[in-house]
Amino acid sequence: MNEKIHVKTKINDDYVEFLCEARQSLLEVLRDVLDMTGTKEGCNDGNCGACTVILDGRIVDSCLVLAVEVSGKEIITIEGVANVDKLHPIQQAFLEQAALQCGICTPGFIVASKALLDRESNVDEGRIRHWLAGNLCRCTGYDKIVRAVMAAQENTKI
Amino acid sequence: MQGDLILKNFQYSAPLTLDQALQYMDSFGSKAKALAGGTDILVQLRGNRFDMEMLVDVKSIPELNELSYTDSAGLSVGAAVPCVRIYEDSLIQQNYPCLVDAAYLIGGIQIQGRATIGGNLCNASPSGDTIPALIALGAEAIVCSKRGYRSIPAEDFCVGPGQNGLENGELLVSIKFPPPKLYSGAHFLRFIPRNEMDIAVANVGVALTLDSNKQTIESARIALGAVGPTPLLATTASDFLVGKEISDDNLYGAAEIAKQIASPITDMRGTINQRMHLVGVLTKRALQKAIERAKGV
Amino acid sequence: MIRKLDDKGISKANYKVIGTRPIRHDGLDKVTGQAKYSADINLPGMLYGKVLRSPHAHARIRNIDAGKALALKGVSAVITSADFSIQSDKVIDLGEGAMVNTGFLSQNVMAKEKVLYKGHAVAAVAAESMHLAEEALALIDVDYDVLSPVFDVREAMKPGAPLLHERLYHSSTPFIRPGGLKDDSDNSPGSNIASHFVFELGNPKNAFAEADIIVEREFQTKPVHQGYIEPHAATAIWNRDGKATLWCSSQGQFTMRDQSAVLLGIATSNIRVIPLEIGGGFGGKTLVYLEPIALLLAKKAGRPVKVTMSRKEVFEGTGPTSGSFMRVKLGANNDGKLVAAEGVLAYEAGAFPGSPVNPGVQCMFASYDLKDVRVEGYDVVVNKQKVAAYRAPGSPGSCFAVETVIDELAEKLNIDPLELREKNGAKEGTRRVSGPVFGKIGYLETIKIAKSHPHYIEPIKRNAGSKVRGRGIASGFWFNGSGPACAIANVHSDGTVSLIEGSPDIGGSRAMAAMCVAEVLGLAAEDVHPSVGDTDSIGYTSNTGGSSVAFKTGWASYEAAQDIKRQLIERAARIWDVDPGQVEMDNGTLNEKSGTRRQFTFKNLAAVLLSTGGPIVGKAAVDPAGVGGAFALHIADVEVDPETGKVDVIRYTAFQDVGTAVHPSYVEGQIQGGVAQGIGWALNEEYVFSEDGTMLNSSFLDYRMPTSLDLPMIEAVIVEVPNPGHPFGVRGVGEVPIVPPMAAIANAVYDAIGVRIRRLPINPPTVLEAIWAKDGSGRG
């Protein structure tokens, strides 16, 4: 019953293959099989967003996706947000606005914020807070995170 | 805590046809479960809630992914359609805003991209956030097995806390909603202690139809959640409103009657007194909003 | 927002780097996912470890049979308490002034004869995969003799209550905080009260008799968790020479090393602890949990082992802070002068002694200039998780009680709450109830700034639709701390400096340390590259906690930079062939004071070091005194829905004296983060227990911490009254922000709906019950 399944998928624009058991989540496979530890485990039950990745254009909690489900799909993780030579505006904004303290929730927030700014322009504080309600931060009180998203939005307009 | 958190391995299949899926459901019987969004079932599997051997991923089955609407036939939502597809659909926004209310409230954005109302219904939680909306809107669950199709009214679908009325071998295929009548309006709301991410302490779905003068209530359906072993259709409260004028007294009266079928418990999410009180408050507020929508406000 | 004040006697230095906001040096790794946290280590041949935990709140362990688990293919090792070294009564200094009883610590890491809470670790396995390890746990048979538990602090204090430790030592001072067991010759009756003590100043009894008005109230709080998003994890590997390497995130790599070494019965030098990035601690990562387990499993298995906790295990197997029962009595004269104060605090320690009731009693009245005060504290064991430090441990609960009573007094006296605090505020020379006298502090300055702030001046709009709004104010105090800290700074030939210091970086402290070095040497912050050293590569540095890092590690970095400066001056003097007294260094340049007035920039001199005598390394080892306490004053606006009991915080301003803000963004961040935790504590967070002691809400779904949708923007107003005891005037900032929010919100709720709530959390059912009790309707 523990035979592994062969999965072919695309992660950060690269074609990737791996073997996994049916019970392994995408989060587990990213971290333990593919050694992509940028995506974090905070709760493993979809309540903190630290494991957020983009799956076929939508943000999901990778702890609630089985690795076998991503066959033929496209995934973007934190490791794929920056360009080779340049940070994404949201990453730059997080640094400039001091929107991180311990940084454990930061990958999840950056992926989630990137997805928001990719889809919508002219987001206000309320929309940002609502979009990010699935990402928990215990260090910052969210103030500087929200400001960073607003600043990144300004920068992408320029 | 010993032994209560093992996730045993299982078989996984992603059938491309309904027949193939039904074949699996039939041969594995009670040891098969359907996977749509996974936001409930994966958590439950990790909590060792079922003895499961086969997980049937239904997301590739065409019938379960259909979303169709006509003015005459109404709305059909495939069981595997995620909430985000529902609330982003302009026809649903226009004709079933109550469904949008509910779909938009389930979890955060990450959850909404995966969770389905089909899954929410099958999960049969007493506090499931779509179920009172389904009941209020008069939805029917279309279920299939190797033996053929049958339909179950939403208010009869849940038979106990976490228990749905599906038999072994059955799969929820879609949920059908009647077309909206003229001068009708519906609303769903819930109470949670934070502003997102919580299980409802109490939730209410209300649908009603007004007469052409928009002064009198011609029909009403009030559904309550999280205040009983299953979501409930408050028939007596609903009937009370038929033929009544729109007035604060009448809305309040219906809300008080609705409390009569509620049997809330005290748990880590709320107390009996609080929940009973909320039935009154939420029913009244839902009625007011449904009336606004019916009036075209 | 920063308000600098004139400061008599301390020159208001013109800083170049201190007070600016450079991008933090570790930021790039963190925003790209490159930074390594405790669970991010993967080693070749690594096994996965999981811990078996008690299903009972109180039971004797009769037998543990791991035979079937070991027989499972892929399982390499199983350990129990038998694998730990026998412990004596030795104590280890944890660095926050707290000490540790190693016998109790060992038993908390792995239960020995008894399990004392549901979730208490009992055994652990190492296996080829995490799933396999979990399957192995289910095969371990533990035979328990279930005993009656006790959960409530007042029940536990009663004679006849079930005893957690038959021979628990009962202390009448607060100074043996970790507690211990009685001597064999001691036949006093058993108790769950580990310590009971009193501090008294003046004659409160008489003073109350003279007071015009007295208010006395009781309060209750529940255990709450620090809620760090990163669960604990530890990875260990042994060399054949008997030395081990341990990777973990913690608030103190030296504490992890020392506590693990003691529990294993080996020399501290046999363990090298490499600190990884830490995903939040707030006090909860200052004790070992998994570290000794990883070491023992790795030793037995002969392979590296990574042990992790699930979120449920974090809640059920680590240390929240104490639930409590409190009584506060305050007496005042009609003119608003506080004349007498009394407090009684009973704090739950959990399974082993060591609640923060002592800091609780010391902080509760510290904001006020009182001559007649009595405080009494009880440290009580109950069958719940052993508590660990949580941000200003002890103070948030007791200040919630006091600040609520102050608000009630202000109303009865018809005096504005800020005026009342200003009239009675602690200042230089005020003596605390435990004895120490305040040096230069900034409480009154903070109040003055608050009085002129729009949040105080602009009236609140009472009604918002069907909801009502209210405003509340509260103060808070925290001592702050210090401790040993070391720093090494290397000058590179390209004119940059690498700094190694010993403080795990929770909130941006390595940037702060780099800025201190940059300030001394006249460099840009970007030209100093900070890193956190492991236990072999940097000298002993006490925990990142107690709001001590900017103070002690900032100081160590400052001293290391001064050491470099001295050596650079000597080197320039040698190159110029003059006496070192002829050379000075200012603003990054070395100048010959007279004669030909030659010059070196830092960069130019750095480039020739190797050819003029060799590299220059600065070092420092400090244990500085001169800590300055921190005061905070918060204003909260809430909106209450009286029909549902829901409370929303709609506006929040936090004023705090920080001494000197080295990096203002991260100082603001500490303030905002503490406020957010305080709001969660105020409104929704609590451990919910079933009758048998199971924590029912051990997930982020039902342990309800604020999301981004639950909070407003949090305005942090930095007040600077420099601490004369520190070269840059630094006062610790991290902890006091969590102290005022609960009372600020409780007072705001009272302002909105006219009901005083004296228990936490102020959640919707509690608000509804309070409203119904007030209007007599008393029903649902």
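About the criteria used
Residues numbered from 1 in each chain as written. Chains lettered and ligands numbered in written order. Predicted model: local features only at pLDDT ≥ 70, side-chain atom pairs only at ≥ 80, totals over all residues. Heavy atoms only, no water. Helix = DSSP H or I, 4+ residues; strand = E, 2+ residues; numbered from the N terminus. Rg over C-alpha atoms; globule rule 2.2 N^0.38 Å. Buried < 20%, exposed > 50% of the residue type's maximum accessible area, 1.4 Å probe, protein only. Contact = heavy atoms within 4.5 Å. Areas by Shrake-Rupley, 256 points an atom, 1.4 Å probe, with all protein chains shown as cover. Lys, Arg positive; Asp, Glu negative; His and termini not counted. Charge placed at Lys NZ, Arg CZ, Asp CG, Glu CD. Polar contact = N/O pair within 3.5 Å; in protein donor to acceptor, adjacent residues only side chain to side chain. Pairing = 2+ DSSP bridges. Axes fitted to C-alpha atoms, helices over the stretch in contact; angles between N-to-C directions. Domains from an automatic or database assignment. Buried area = accessible area lost by both parts, 1.4 Å probe. Salt bridge = Lys/Arg side-chain N within 4 Å of Asp/Glu carboxyl O. Nonpolar A, V, L, I, M, F, W, Y, C, P; charged D, E, K, R; others polar. 1 Å grid on protein atoms, 1.4 Å probe; cavity = no way out; pocket = protein on both sides within 12 Å on 5 of 7 lines; lining within 4 Å. Points joined across faces, edges and corners; volume = space filled by probe spheres on them. pLDDT = per-residue confidence, 0-100.

Here the focus is the overall build of chain C. Looking only at helices and strands, chain C features 20 helices and 30 strands. Against the globule reference of 28 Å for 780 residues, chain C gives a C-alpha radius of gyration of 27 Å, in line with a compact fold. Along the first, second and third principal axes, the C-alpha atoms of chain C reach 90 × 75 × 55 Å. The proportion of buried residues among the 780 residues of chain C is 66%. Of the contacts formed within chain C by residues at least 6 apart in sequence, a portion of 80% connects residues at least 24 apart. Roughly 25,500 Å² of accessible area belongs to chain C as shown, and the carbon and sulfur atoms make up 49% of that amount. Averaging the positions of the 80 positive and the 88 negative side-chain charges in chain C gives two centres separated by 1 Å.

Bringing the environment of Glu-643 of chain C into the picture now. Along the chain, the position of Glu-643 of chain C falls in the loop between strand 28 (630-641) and strand 29 (646-657). The exposure class of Glu-643 of chain C is partly exposed, given its relative accessible area of 27%. Polar contacts involving the side chain of Glu-643 of chain C include one to the side chain of Arg-285 of chain B, which spans 2.7 Å.

Here we take up the pairing of strand 20 (residues 467-478) of chain C. Residues and elements named next belong to chain C. Of all 12 residues that make up strand 20, 10 are buried, and the element is covered over most of its length. Counting the residues between successive antiparallel strands, the hairpin from strand 19 (residues 463-464) to strand 20 contains 2 residues, one of them, Gly-465, with a positive phi of roughly 65°. Here strand 20 runs beside strand 28; their pairing, made up of 11 bridges, is antiparallel. Note that in strand 28 the partner of Gly-476 across the bridge is Ala-632.

Moving on, we come to the sheet that holds strand 26 (residues 599-601) of chain C. Residue and element names in this part refer to chain C. Read from one edge of the open sheet, 3 strands run 24-25-26, paired in antiparallel fashion. Where the open sheet ends on each side, the last strands, each with one partner, are strand 24 (583-586) and strand 26. Between one strand axis and the next, the sheet turns by 20° as a mean value, whatever way the strands run. Bridging between strand 25 (residues 589-592) and strand 26 involves 3 bridges; their strand directions are antiparallel. Each residue of the ladder has a partner; that of Asn-591, found in strand 26, is Gln-599.

We now examine the domain arrangement of chain B. In many reports, interface size means the accessible area that the parts give up when they come together. All names here are of chain B. Entries for chain B in the domain assignment read domain 1 (9-57), domain 2 (64-177) and domain 3 (184-295). A straight line from the C-alpha centre of domain 2 to that of domain 3 covers 20 Å. Taken together, the contact between domain 2 and domain 3 spans 25 residues of the former and 25 residues of the latter. Summing the contributions of domain 2 and of domain 3, the shared interface buries around 1,900 Å²; its carbon and sulfur component is 63%. The tally of links from domain 2 across to domain 3 stands at 3 salt bridges. Residue Arg-190 pairs with Asp-129 through a salt bridge whose shortest N-O separation is 2.6 Å. At the junction of domain 2 and domain 3, the tally comes to 11 residue pairs in polar contact (both at pLDDT 80 or more). Elements represented by at least two residues in the side of domain 2 that touches domain 3 include exactly helix 5 (97-105), helix 8 (131-136) and strand 8 (158-160). The element that contributes the greatest number of residues to the side of domain 2 that touches domain 3 is helix 5, accounting for 6 residues. For the side of domain 2 that touches domain 3, the class distribution of residues is 15 nonpolar, 7 polar and 3 charged.

Bringing the interface of chain C and chain B into the picture now. With 38 residues of chain C at the contact, the number on the chain B side is 27 residues. Between chain C and chain B the total buried area reaches about 3,000 Å² when both faces are included, carbon and sulfur atoms providing 57% of it. Run the count over chain C and chain B and you get 4 salt bridges. Across the pair Glu-643 of chain C and Arg-285 of chain B runs a salt bridge whose closest N-O atoms are separated by 2.7 Å. For the pair chain C and chain B, the number of links is 11 residue pairs in polar contact (both at pLDDT 80 or more). When residues of the side of chain C that touches chain B are traced back to their parent elements, those giving at least two are strand 2 (47-53), helix 4 (130-138), helix 9 (311-317), strand 29 and helix 20 (764-775) of chain C. It is helix 20 of chain C that provides the largest number of residues to the side of chain C that touches chain B, a total of 5 residues.

This structure, assessed with the given rule, holds 78 salt bridges over all chains. The salt bridge partner of Arg-138 of chain A is Glu-685 of chain C, with a shortest N-O separation of 2.8 Å. Of the two residues, Arg-138 of chain A sits in the loop between helix 4 (125-131) and helix 5 (143-157) while Glu-685 of chain C sits in the loop between helix 18 (664-683) and strand 30 (714-720), which places them in two different chains. One exposure class covers both Arg-138 of chain A and Glu-685 of chain C, and it is buried. Between Lys-31 of chain B and Glu-53 of chain B there is a salt bridge, and its shortest N-O distance comes to 4.0 Å.

Right, let's talk about helix 5 of chain B for a bit. For helix 5 of chain B, the full list of buried residues reads Cys-98, Leu-99, Val-100, Asp-101, Ala-102 and Ala-103 of chain B. Once helix 5 of chain B finishes, Gly-107 of chain B follows within two positions and takes phi at roughly 60°, a positive value.

Time to look at unusual backbone geometry. In this structure, Pro-761 of chain C follows Leu-760 of chain C across a cis peptide bond, with omega equal to -5°. Relative to the assigned elements, Pro-761 of chain C resides in the loop between helix 19 (741-753) and helix 20. The backbone of Asn-122 of chain A sits at a positive phi, close to 60°, despite the residue not being glycine. Checked against the element boundaries, Asn-122 of chain A lands in the loop between helix 3 (106-119) and helix 4.

This part is about empty space enclosed by the protein. Residue and element names in this part refer to chain C. This structure, assessed with the given rule, holds 9 cavities of 30 Å³ or more. Empty space within the largest cavity amounts to approximately 580 Å³. For the lining of the largest cavity, the elements supplying multiple residues, two or more each, are helix 15 (509-521), helix 16 (549-576) and helix 18. The biggest single contributor to the lining of the largest cavity is helix 18, with 3 residues.

This part takes up the confidence of the model for chain C. Residue and element names in this part refer to chain C. Scored by pLDDT, chain C has a mean of 94; 96% of the residues are at 70 or more. Note on residues 7-11: pLDDT under 50 across the span, and 4 contacts to partners over four residues away in sequence or across chains. Here the complex is predicted with pTM 0.97, and the ipTM for its interfaces comes to 0.97.

Next up on the list: the environment of Glu-735 of chain C. All names here are of chain C. With respect to the element layout, Glu-735 can be found in the loop between strand 30 and helix 19. Its relative accessible area of 7% is what places Glu-735 among the buried residues. Along the chain, Glu-735 and Met-157 lie 578 residues apart, while their C-alpha atoms are 30 Å from each other. Separated by 2.9 Å, the side chain of Glu-735 and the backbone nitrogen of Ala-392 make a polar contact.

At the junction of the two partners, chain C supplies 56 residues and chain A supplies 51 residues. Both faces combined, the contact of chain C with chain A buries some 4,300 Å², and carbon together with sulfur accounts for 56% of it. There are 5 salt bridges connecting chain C and chain A. At the level of secondary structure, the elements contributing two or more residues to the side of chain C that touches chain A comprise helix 1 (27-31), helix 4 and helix 18 of chain C.

With 5 of 6 residues buried, strand 12 (residues 233-238) of chain C is to be regarded as a mostly interior element. Linking strand 12 of chain C back to strand 13 (residues 244-248) of chain C in an antiparallel pair, the connection comprises 5 residues, with Gly-242 of chain C at a positive phi of about 80°.

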